[in-house]
Amino acid sequence: MDFISSIFNPLVQLLEFILGLFHDCLSTVGLESYGVAIIVLTAIIKMIFYPLTVKQVKSMKAMQELQPKMKKLQEKFKNDPKRLQQEMGMLYKNAGVNPLAGCLPLLVQMPFLMAMFYALQRIDYGGDPTFLWIMNLSNPDPYYILPVLSAISTFVVQKQTSSASSSPQMQMQMKIMSVVMPLFIGWISCNFAAGLVIYWIVNNIMQILQQWWMYRHEDTSAKKGS
C-alpha cells in the first residue's frame, strides 16, 4: 500500500492543499469544519468530471443495448473467431459505438479517486470542531451511521445503473452486484476514517443526481408513453 500511495503522492499532496484551502476559506464565514470542506471539494470534483461521466454512462448503455446482437453473432460464428471479430467490428462501427469509450473516462478519473482516498484517510483532523455527531473525522463513525449511509447510497447507484441495462444477462449480474457491493462498502466503511466515508457518500449522491439528470427526458417520455 505504501508503494501505491507513493505513486499518487504528488496528487495526494495537491488535494490535501486544496482541501486545507477550502477549510480555511469556509472558516472565515463561520463554517470551520473539514466535513463541510470535504463535501464542497467532492461536489466540485464531481462536476468537473461530469462530461466524462456522461460519456462513460452513455457508452455503457450503448454497449448494453448491443448485447442481444452481440450474442447472436457469438452463436453464429462461434467456430470462426476471425469472422466473429470482423462482424463485431462492423457492429460497433454501424452503431457508432467504441467498446473502449466506457473505460477511458474511468481511467482518467481513477488517479483522482485513489488520491482522494489516501488524502482523506491520512489527514489529521485533530483540533477541528465536531461535524454533526462525529467528534473526530480521523476516526470511524462510532454510531455506524455513515457506514449505513454509504451502503444505502451505493445500493441506489447500483440500482440506478442496472435499471439502464436492456440485457437480461447484464440485469442479472447488476442485480447480484447491487446486493454484494453495498454490503462490502458498508462493511469496510466501519473501519475507515469518517472523513473518507463522507467523501464516498457525497460522491454517490452526486452520481445519483447526475445520472438522473442524464436520463430525465427518457423518464418523462416513458411516463407519457404509458
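Residues numbered from 1 in each chain as written. Predicted model: local features only at pLDDT ≥ 70, side-chain atom pairs only at ≥ 80, totals over all residues. Heavy atoms only, no water.

Details of the overall build of the chain
For the chain, the count of helices and strands is 10 helices and 0 strands. Counting across all 226 residues of the chain, residues that qualify as buried make up 39%. The long-range fraction of contacts in the chain, counting pairs at least 24 apart against all pairs at least 6 apart in sequence, stands at 74%. Accessible area for the chain stands at about 13600 Å²; split by element, carbon and sulfur atoms hold 67% of it. (Helix = DSSP H or I, 4+ residues; strand = E, 2+ residues; numbered from the N terminus. Buried < 20%, exposed > 50% of the residue type's maximum accessible area, 1.4 Å probe, protein only. Contact = heavy atoms within 4.5 Å. Areas by Shrake-Rupley, 256 points an atom, 1.4 Å probe, with all protein chains shown as cover.)

Brief notes about the side chain of Asn-204
Note that Asn-204 resides in helix α10 (residues 194-225). Judged by its relative accessible area of 6%, Asn-204 falls in the buried class. At 2.9 Å, the side chain of Asn-204 forms a polar contact with the side chain of Ser-153. Excluding residues that lie within four positions of it along the chain, Asn-204 makes contacts with Ser-150, Ser-153, Thr-154 and Val-157. (Polar contact = N/O pair within 3.5 Å; in protein donor to acceptor, adjacent residues only side chain to side chain.)

A look at the layout of surface pockets
Space inside the largest pocket adds up to approximately 1200 Å³. Lining the largest pocket we find 44 residues, and of these Leu-106, Leu-113, Trp-200, Asn-203 and Asn-204 sit closest to its centre. Secondary-structure elements contributing two or more residues to the lining of the largest pocket are α3 (34-48), α4 (50-65), α7 (104-122), α8 (145-163), α9 (168-189) and α10. Across the lining of the largest pocket, the residue classes break down as 28 nonpolar, 14 polar and 2 charged. (1 Å grid on protein atoms, 1.4 Å probe; cavity = no way out; pocket = protein on both sides within 12 Å on 5 of 7 lines; lining within 4 Å. Points joined across faces, edges and corners; volume = space filled by probe spheres on them. Nonpolar A, V, L, I, M, F, W, Y, C, P; charged D, E, K, R; others polar.)

Concerning the confidence of the model for the chain
Counting all residues, the mean pLDDT for the chain is 82, and 86% of those residues have values of 70 or more. For the chain, per-element mean pLDDT is lowest for helix α1 (residues 2-7), which scores 67, and highest for α3, which scores 93. (pLDDT = per-residue confidence, 0-100.)

Points about the packing of aromatic side chains
Taken as a whole, this structure holds 5 aromatic pairs when the rule is applied. For the pair Phe-184 and Trp-187, a centre-to-centre distance of 6.3 Å together with 45 degrees between the ring planes defines the contact as tilted. Pair noted here: Phe-184 and Trp-187 are both in helix α9, with a separation of 3 residues, about one helical turn. Note on Phe-184: relative accessible area 42%, which makes it partly exposed. A relative accessible area of 58% places Trp-187 in the exposed class. Each member of the aromatic cluster is reached from another via a ring pair, and the members are Phe-117, Tyr-118 and Phe-192. (Phe/Tyr/Trp six-rings, centres within 6.5 Å; stacked < 30°, edge-to-face > 60°.)

Digging into the pattern of salt bridges
For the structure on display, the rule yields 2 salt bridges. We note a salt bridge from Arg-122 to Glu-16, for which the minimum N-O separation is 2.6 Å. On the criterion of sequence distance, the pair formed by Arg-122 in helix α7 and Glu-16 in helix α2 (residues 9-27) is long-range, its members being 106 residues apart. Looking at Glu-16, the relative accessible area reads 22%, which means it is partly exposed. Glu-87 is the salt-bridge partner of Arg-83, the closest N and O atoms lying 2.9 Å from each other. Of the two residues, Arg-83 and Glu-87 both sit in helix α6 (residues 81-95), 4 residues apart, roughly one turn of that helix. Relative accessible area serves as the criterion here: at 24%, Glu-87 is assigned to the partly exposed category. (Salt bridge = Lys/Arg side-chain N within 4 Å of Asp/Glu carboxyl O.)

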